[in-house]
Amino acid sequence: LSPGGGMSSAPSRRGFTYDFSIWYCPEDDHIASRISERLRKEGFRGYAEHQDQVAGTSVILTAVEVIEASRVAILLLSAKSLGDPWCQRVSQWNLYHIIRCRGTKLIPVYVGVKKAEVPPFLRHLIELEYQTEFFFDRLVNNVRMNNVRTPRSAARGAGPAPSS
């Protein structure tokens, strides 16, 4: 079953709209803002769940569309988000999409929680811990490794010259 509840269709062949998307509980907005600002400063295109949601649009449809359009999905896992049914559902949708499409990477970011507190279906993923010394360096490197186009080279127009 797909996140929308029906049978899944074939994976989308179109390109990714976002280099990253961030999924989190509203109480963690300040953390999501810091992460989003840093990644955007590095030149990545992103979507932050509670900041970029357009008023009047379907939250469920938007979530599914953004998940499918993101190269990297970042899940902020805090005590609040682990107890929130919506956050759990979004985590499941992200994992479902990764298994189905094999093109998106999921990065769980632990915010004051231990691995034992995280749902079993996310424990096998390599996590990053927020507020560790090299958190932002590791996160930027993870996002960069999963993007075919690197933001800095794309901004400069660098790349191989077209062959004649």
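How each quantity is defined
Residues numbered from 1 in each chain as written. Predicted model: local features only at pLDDT ≥ 70, side-chain atom pairs only at ≥ 80, totals over all residues. Heavy atoms only, no water. Helix = DSSP H or I, 4+ residues; strand = E, 2+ residues; numbered from the N terminus. Buried < 20%, exposed > 50% of the residue type's maximum accessible area, 1.4 Å probe, protein only. Areas by Shrake-Rupley, 256 points an atom, 1.4 Å probe, with all protein chains shown as cover. 1 Å grid on protein atoms, 1.4 Å probe; cavity = no way out; pocket = protein on both sides within 12 Å on 5 of 7 lines; lining within 4 Å. Points joined across faces, edges and corners; volume = space filled by probe spheres on them. Nonpolar A, V, L, I, M, F, W, Y, C, P; charged D, E, K, R; others polar. pLDDT = per-residue confidence, 0-100. Contact = heavy atoms within 4.5 Å. Pairing = 2+ DSSP bridges. Axes fitted to C-alpha atoms, helices over the stretch in contact; angles between N-to-C directions. Arc of directions from axis to C-beta. Phe/Tyr/Trp six-rings, centres within 6.5 Å; stacked < 30°, edge-to-face > 60°.

A. Representation of the overall build of the chain in the model. Across its full length, the chain holds eight helices and five strands. Seen in sequence order, the chain has helices and strands lined up from the N terminus as β-α-β-α-α-β-α-α-β-α-β-α-α. Residues classed as buried in the chain amount to 43% of the 164 residues present. Carbon and sulfur atoms form 54% of the exposed surface of the chain, whose accessible area is close to 9300 Å².

B. Empty space enclosed by the protein, seen in detail. Following the criterion strictly, the structure yields two cavities of 30 Å³ or more and no others. Estimates place the volume of the largest cavity at around 90 Å³. Lining the largest cavity are 15 residues, with Leu77, Ser81, Cys87, Gln88 and Ser91 sitting closest to its centre. Put simply, the parts of the chain that give the lining of the largest cavity at least two residues each are β3 (70–78), α4 (79–82), α5 (85–101) and α6 (120–123). When residues of the lining of the largest cavity are assigned to their parent elements, the largest contribution, four residues, is made by α5. The residue inventory of the lining of the largest cavity, partitioned by class, reads eleven nonpolar, three polar and one charged.

C. Examining the confidence of the model for the chain more closely. Residues of the chain with pLDDT of at least 70 account for 73%, and the chain-wide mean is 76. Confidence scores differ between elements of the chain, with helix α8 (residues 151–156) showing the lowest mean pLDDT of 42 and helix α1 (residues 29–41) the highest of 94. Overall, residues 1–13 carries pLDDT values under 50, and its contacts beyond four positions in sequence, including any with other chains, amount to 14 contacts. Taken as a whole, residues 150–164 scores under 50 in pLDDT and shows eight contacts with residues more than four places along the chain or in a different chain.

D. Here's a closer look at the sheet that holds strand β5 (residues 128–129). The strand order across the open sheet formed by five strands is β2-β1-β3-β4-β5, and the pairing between neighbours is parallel. Strands at the two margins of the open sheet, each flanked by one partner only, are β2 (46–48) and β5. Two strands pair when backbone bridges link them, and strand β1 (residues 18–23) and β3 are joined in this way by five bridges, in the parallel orientation. Following the sheet pairing, Ile22 is matched in β3 by Ile74. Along the sheet, α1 contacts β1, β2, β3 and β4 (105–111); its crossing angle with β1, the most-contacted strand, is approximately 170 degrees.

E. View of the pairing of β4. Burial of β4 is extensive: six of the seven residues sit out of reach of the surface. As judged from the seven bridges shared by β3 and β4, these two strands associate in the parallel manner. Across the sheet, residue Ala73 finds its bridge partner in β4, namely Leu106. Sheet topology note: the β4/β5 ladder contains two bridges and is parallel. Looking at the pairing, Val109 lines up with Leu128 of β5.

F. Representation of helix α7 (residues 135–145). Within the sequence span of α7, burial applies to Phe135, Phe136, Leu139, Val140, Asn142 and Val143. The buried residues of α7 occupy one face: seen down the axis, they fall within an arc of 160 degrees.

G. Highlighting the packing of aromatic side chains. Inspection of every chain in the model, using the stated rule, returns five aromatic pairs. Geometrically, the ring pair formed by Tyr130 and Phe136 is edge-to-face, given 6.5 Å between the ring centres and 80 degrees between the ring planes. For Tyr130, a relative accessible area of 9% puts it in the buried group. An angle of 70 degrees between the planes, with centres 5.0 Å apart, marks the rings of Phe135 and Phe136 as edge-to-face. Like Phe136, Phe135 is buried. Taken together, Tyr18, Trp23 and Tyr47 form an aromatic cluster joined through their ring pairs.

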